[in-house]
Amino acid sequence: RKEVEQDPGPFNVPEGATVAFNCTYSNSASQSFFWYRQDCRKEPKLLMSVYSSGNEDGRFTAQLNRASQYISLLIRDSKLSDSATYLCVVPHEKNTGFQKLVFGTGTRLLVSP
Amino acid sequence: NAGVTQTPKFRVLKTGQSMTLLCAQDMNHEYMYWYRQDPGMGLRLIHYSVGEGTTAKGEVPDGYNVSRLKKQNFLLGLESAAPSQTSVYFCASSYLQGWSYEQYFGPGTRLTVT
């Protein structure tokens, strides 16, 4: 099983729609998780952090299911500007104590007028 | 604040040539990282640094070397470029490393090796 798995999409939705992406992870010891957003040919930027059961920021809600080892990102009232690739990121602690970030391959979202 | 900057933005190399990618950050961050991003694969860590004068190998270090002589700069070197090193390279930095510390990324360097 890959450390972090995401559906690559693309998810094509109209403006105003609600869309959700899932991400599964293999390391049951992971304590926190991140969603990064990456626009086409740009660098990734942090969208949300998820520490406990979930987090909400405006139209964006991230939820965590530790038992099933997945996190989800829900976007309500989609805007054209939400079109991007969403990267699921899971910290993984190495035996040296260093915590590397493991990035998923991303889920592409296309919001159309 | 410029954040994290990278030079060059684009480069085309012939097999066997060498080059250095420069990353600079003005946020006084301790930790710096070099990643590569390839189609169908997540970002992969090449090397990282936990402070000035220290470097360590990441997941895919072969063919690359790094140096962190100054806290604000992290250099990635390719001694003898190969076509397999064609990729987009991102530098990132963070204040510390741990569950809650965000990594800030530079704009990337698109490298093609022919």
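Criteria and thresholds
Residues numbered from 1 in each chain as written. Chains lettered and ligands numbered in written order. Predicted model: local features only at pLDDT ≥ 70, side-chain atom pairs only at ≥ 80, totals over all residues. Heavy atoms only, no water. Phe/Tyr/Trp six-rings, centres within 6.5 Å; stacked < 30°, edge-to-face > 60°. Helix = DSSP H or I, 4+ residues; strand = E, 2+ residues; numbered from the N terminus. Buried < 20%, exposed > 50% of the residue type's maximum accessible area, 1.4 Å probe, protein only. Pairing = 2+ DSSP bridges. Axes fitted to C-alpha atoms, helices over the stretch in contact; angles between N-to-C directions. Contact = heavy atoms within 4.5 Å. Salt bridge = Lys/Arg side-chain N within 4 Å of Asp/Glu carboxyl O. Patch = residues over 30% accessible without salt bridge, like charges linked within 9 Å, V, L, I, M, F, W, Y side chains within 5 Å. Areas by Shrake-Rupley, 256 points an atom, 1.4 Å probe, with all protein chains shown as cover.

**Student:** Lay out the packing of aromatic side chains in plain terms, naming residues and giving numbers.
**Tutor:** If you walk through the whole model with that rule in mind, you get 11 aromatic pairs over all chains. Pairing Tyr36(A) with Phe105(B) gives two aromatic rings, centres 6.0 Å apart and planes at 85 degrees, and the pair type is edge-to-face. Of this pair, Tyr36(A) sits in strand E4 (residues 33-38) while Phe105(B) sits in strand E10 (residues 104-105), which puts the two residues in different chains. In this pair, the class of Tyr36(A) matches that of Phe105(B), namely buried. Taken together, a centroid distance of 5.8 Å and an interplanar angle of 65 degrees make the contact between Tyr64(B) and Tyr89(B) edge-to-face. Linking Tyr64(B) in strand E7 (residues 64-67) with Tyr89(B) in strand E9 (residues 87-94), this pair joins segments that are 25 residues apart in sequence.

**Student:** I'd like a description of the sheet that holds strand E8 (residues 70-75) of chain A, backed by residues and values.
**Tutor:** Residues and elements named next belong to chain A. Within the open sheet, the five strands sit side by side as E1-E3-E8-E7-E6. Their pairing is antiparallel. Of all strands in the sheet, those with a lone pairing partner are strand E1 (4-6) and strand E6 (54-57), marking the two edges. Looking at each pair of strands side by side, their axes are set apart by 15 degrees on average, direction ignored.

**Student:** Hey, could you go over the environment of Thr55(B) for me, with residue numbers and the actual values?
**Tutor:** Residues and elements named next belong to chain B. Within the secondary structure, Thr55 is located in strand E6 (residues 54-57). The exposure class assigned to Thr55 is partly exposed, which follows from its relative accessible area of 42%. For the pair formed by Thr55 and Ser67, sequence separation is 12 residues and the distance between their alpha carbons is 6.8 Å. Apart from residues no more than four positions distant in its own chain, Thr55 is found in contact with Tyr48, Ser49, Val66, Ser67, Arg68 and Phe74.

**Student:** Could you give me a rundown of the pattern of salt bridges, with the residues and numbers involved?
**Tutor:** Under the criterion given, the structure shown has nine salt bridges over all chains. The salt bridge involving Arg76(A) is made with Glu56(A); its shortest N-O contact spans 3.4 Å. Separated by 20 residues along the polypeptide, Arg76(A) in the loop between E8 and strand E9 (84-93) and Glu56(A) in strand E6 bring together distant segments of the chain. The class for Glu56(A) is exposed, based on a relative accessible area of 56%. Ionic contacts of the salt-bridge type, sharing partners, join the residues Glu3(A), Lys100(A) and Glu59(B) into one network.

**Student:** Explain a nonpolar patch on the surface to me, using residue names and the numbers behind them.
**Tutor:** There is a patch of nonpolar side chains on the surface, built from Tyr95(B), Leu96(B) and Tyr101(B) and spanning about 280 Å² of accessible area. The topology assignment puts Leu96(B) in the loop between E9 and E10.

**Student:** Please provide a residue-by-residue account of the environment of Tyr70(A), values included.
**Tutor:** All names here are of chain A. Looking at where Tyr70 falls in the secondary structure, it is placed in strand E8. Remark: the alpha-carbon pair of Tyr70 and Asp7, spanning 63 residues in sequence, is separated by 12 Å. Sequence-distant contacts of Tyr70, that is, excluding residues within four places in its chain, are made with Asn22, Cys23, Thr24, Tyr25, Gln63, Leu64 and Asn65.

**Student:** I'd like a description of the environment of Lys100(A), backed by residues and values.
**Tutor:** Position of Lys100(A) among the secondary structure elements: in strand E10 (residues 99-103). Each C-alpha atom, one on Lys100(A) and one on Arg66(A), is 20 Å from the other, the two residues being 34 residues apart in sequence. Beyond its immediate sequence surroundings of up to four residues, Lys100(A) is in contact with Glu3(A), Val90(A), Pro91(A), His92(A), Leu45(B) and Glu59(B).

**Student:** Please provide a residue-by-residue account of the pairing of strand E3 (residues 19-25) of chain B, values included.
**Tutor:** Residue and element names in this part refer to chain B. Here E3 shows a buried face lined by Met19, Leu21, Cys23 and Gln25 and an unburied face lined by Thr20, Leu22 and Ala24. The pairing of strand E1 (residues 4-7) with E3 spans four bridges and is antiparallel. Bridge assignment links Val4 to a residue of E3, and that residue is Gln25. Of the strand pairs in this sheet, E3 and strand E8 (residues 73-78) are connected by six bridges, and their pairing is antiparallel. By the bridge assignment for E8, Cys23 is matched with Phe74.

**Student:** For the pairing of strand E11 (residues 109-113) of chain B, give the residues involved together with the corresponding values.
**Tutor:** Residue and element names in this part refer to chain B. Burial along E11 is one-sided: the residues Thr109, Leu111 and Val113 are buried and none of Arg110 and Thr112 is. Here strand E2 (residues 10-13) runs beside E11; their pairing, made up of four bridges, is parallel. Bridge pairing links Val12 to Thr112 in E11. Of the pairings in the sheet, the one linking E9 to E11 comprises three bridges and is antiparallel in character. Residue pairing across strands places Val88 opposite Arg110, the latter belonging to E11.

Just geometry here; none of it tells us what the structure is for.
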